[in-house]
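# Architecture and fold: a report
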Amino acid sequence: MNNLWKLCALLLFLHCGAVQAAPGDIWTGTVCKVSDGDTLIVTKDGTRENVTIRLFGIDCPETPQPYGDAATAVATGAALFRPVRVVEKNRDRYKRTVADVLIIESDRSLQEMLISEGMAWVDPRFCKRCSVWEALQESAGEKRIGLWADPAPIAPWEWRKTRRSAR
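Since this is a predicted model, take the numbers as computed values, not measurements. (Residues numbered from 1 in each chain as written. Predicted model: local features only at pLDDT ≥ 70, side-chain atom pairs only at ≥ 80, totals over all residues. Heavy atoms only, no water.)

## Here we look at the side chain of Arg-54
Residue placement: Arg-54 occurs in strand S3 (residues 50-55). Judged by its relative accessible area of 12%, Arg-54 is buried. Arg-54 has contacts with Asp-38, Thr-39, Asp-59, Asp-92, Arg-96, Thr-97, Val-98 and Ala-99, leaving out every residue within four places of it along the chain. (Helix = DSSP H or I, 4+ residues; strand = E, 2+ residues; numbered from the N terminus. Buried < 20%, exposed > 50% of the residue type's maximum accessible area, 1.4 Å probe, protein only. Contact = heavy atoms within 4.5 Å.)

Okay, here's the thing in structure tokens:
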């Protein structure tokens, strides 16, 4: 019987450990600033804490890039001053919270909106299981929406690489 208790205690410990190792917090807040197409500042509900959010799994054109200002405008129109649900994934090297962001009013992810309107790439470096988003991106490309109207759009990670090598 003593071994059975030890086994139950071990299973409980492992289960609790698995719960703690799950993806980060889920919380609500209001978007108080849109820095660019894929970066927002959200004020957490019930606090005055502002959290810088980098949208998970996508990459919008940089501001100086073609469609950079347009991506910022779409994100601003969709999210600024709106309540959102934030599902934290991790932190990036700039200490931003990487997260999925759901616009509560429309019950739609901000990432899906940006991809559907041709304002973002699904980032294959980080979004490994994003087949729904990839289908939205393919549809926007076929319809030549947003940045896909450009005959040779340059992904932001490639654009940044060329800028770094030019310095």
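## Topic: helix H4 (residues 131-143)
Between its first and last C-alpha, H4 extends 18 Å over 13 residues, near the 18 Å set by a 1.5 Å rise per residue. Turning to H4, its buried residues are Trp-133, Gln-137 and Ala-140. For H4, the angular spread of the buried residues around the axis is 60°, confining them to a single face. The exposed residues of H4 that point more than 90 degrees off its buried face are Ser-131, Val-132, Glu-138, Glu-142 and Lys-143. Against the buried residues of H4 lie strand S4 (58-59), strand S6 (97-103), strand S7 (108-109), helix H3 (110-116) and strand S8 (121-122). One or two residues past the end of H4 sits Arg-144, with phi positive at roughly 60°. (Expected span 1.5 Å × (residues − 1). Arc of directions from axis to C-beta.)

## Quick word on the confidence of the model for the protein chain
With 86% of its residues at a pLDDT of 70 or more, the protein chain has an overall mean of 87. Across residues 1-22, confidence stays below pLDDT 50; counting only partners more than four residues off in sequence or on other chains, it has 0 contacts. (pLDDT = per-residue confidence, 0-100.)

## Describing the nonpolar core
Buried together is how nonpolar side chains tend to be arranged in soluble globular proteins. Ranked by internal contacts, the top residues of the largest apolar core, which has 32 residues, are Leu-40, Val-42, Ile-53, Ile-58, Leu-110, Leu-114 and Trp-133. Listed by contribution, the elements that provide at least two residues to this core are strand S1 (26-36), strand S2 (39-44), S3, helix H2 (68-79), strand S5 (83-91), S6 and H3. Sorting elements by how many residues they give to this core places H2 first, with 5 residues. Non-local contacts of Ile-58, meaning those with residues more than four positions away in its chain, are made with Asp-38, Gln-111, Leu-114, Ile-115, Ala-120, Trp-121, Asp-123 and Trp-133. (Core = buried A, V, L, I, M, F, W, Y, C linked by side-chain atoms within 4.5 Å.)

## A short note on the state of the cysteines
Inspection of every chain in the model, using the stated rule, returns 1 disulfide. The residue that forms a disulfide with Cys-127 is Cys-130, at a sulfur-sulfur distance of 1.4 Å. Between Cys-127 and Cys-130, the S-S dihedral sits near -85°, and the bridge is therefore left-handed. With respect to burial, Cys-127 and Cys-130 carry one shared label: buried. (Disulfide = S-S within 2.5 Å.)

## Regarding the packing of aromatic side chains
Summed over the entire model, instances satisfying the criterion amount to 3 aromatic pairs. Plain terms: the ring middles of Phe-56 and Trp-133 are 6.4 Å apart, the flat faces sit at 55° to each other, and that makes the pair tilted. Of the two residues, Phe-56 sits in the loop between S3 and S4 while Trp-133 sits in helix H4, which places them 77 residues apart along the sequence. In this structure Trp-133 comes out as buried when scored by relative accessible area, which is 10%. Geometrically, the ring pair formed by Trp-121 and Trp-148 is edge-to-face, given 5.4 Å between the ring centres and 65° between the ring planes. Separated by 27 residues along the polypeptide, Trp-121 in strand S8 and Trp-148 in the loop between H4 and helix H5 (156-166) bring together distant segments of the chain. According to the relative accessible area criterion, Trp-121 is buried, its value standing at 8%. These aromatic residues form a ring-pair network of at least three members: Trp-121, Trp-148 and Trp-157. Note that Lys-44 overlies the ring of Trp-27, its terminal NZ or CZ placed 5.0 Å from the centroid. Positioned over the ring face of Phe-56 is Lys-89, at 4.9 Å from the centre of the ring. (Phe/Tyr/Trp six-rings, centres within 6.5 Å; stacked < 30°, edge-to-face > 60°. Lys NZ or Arg CZ within 6 Å of the ring centre and 35° of its normal.)

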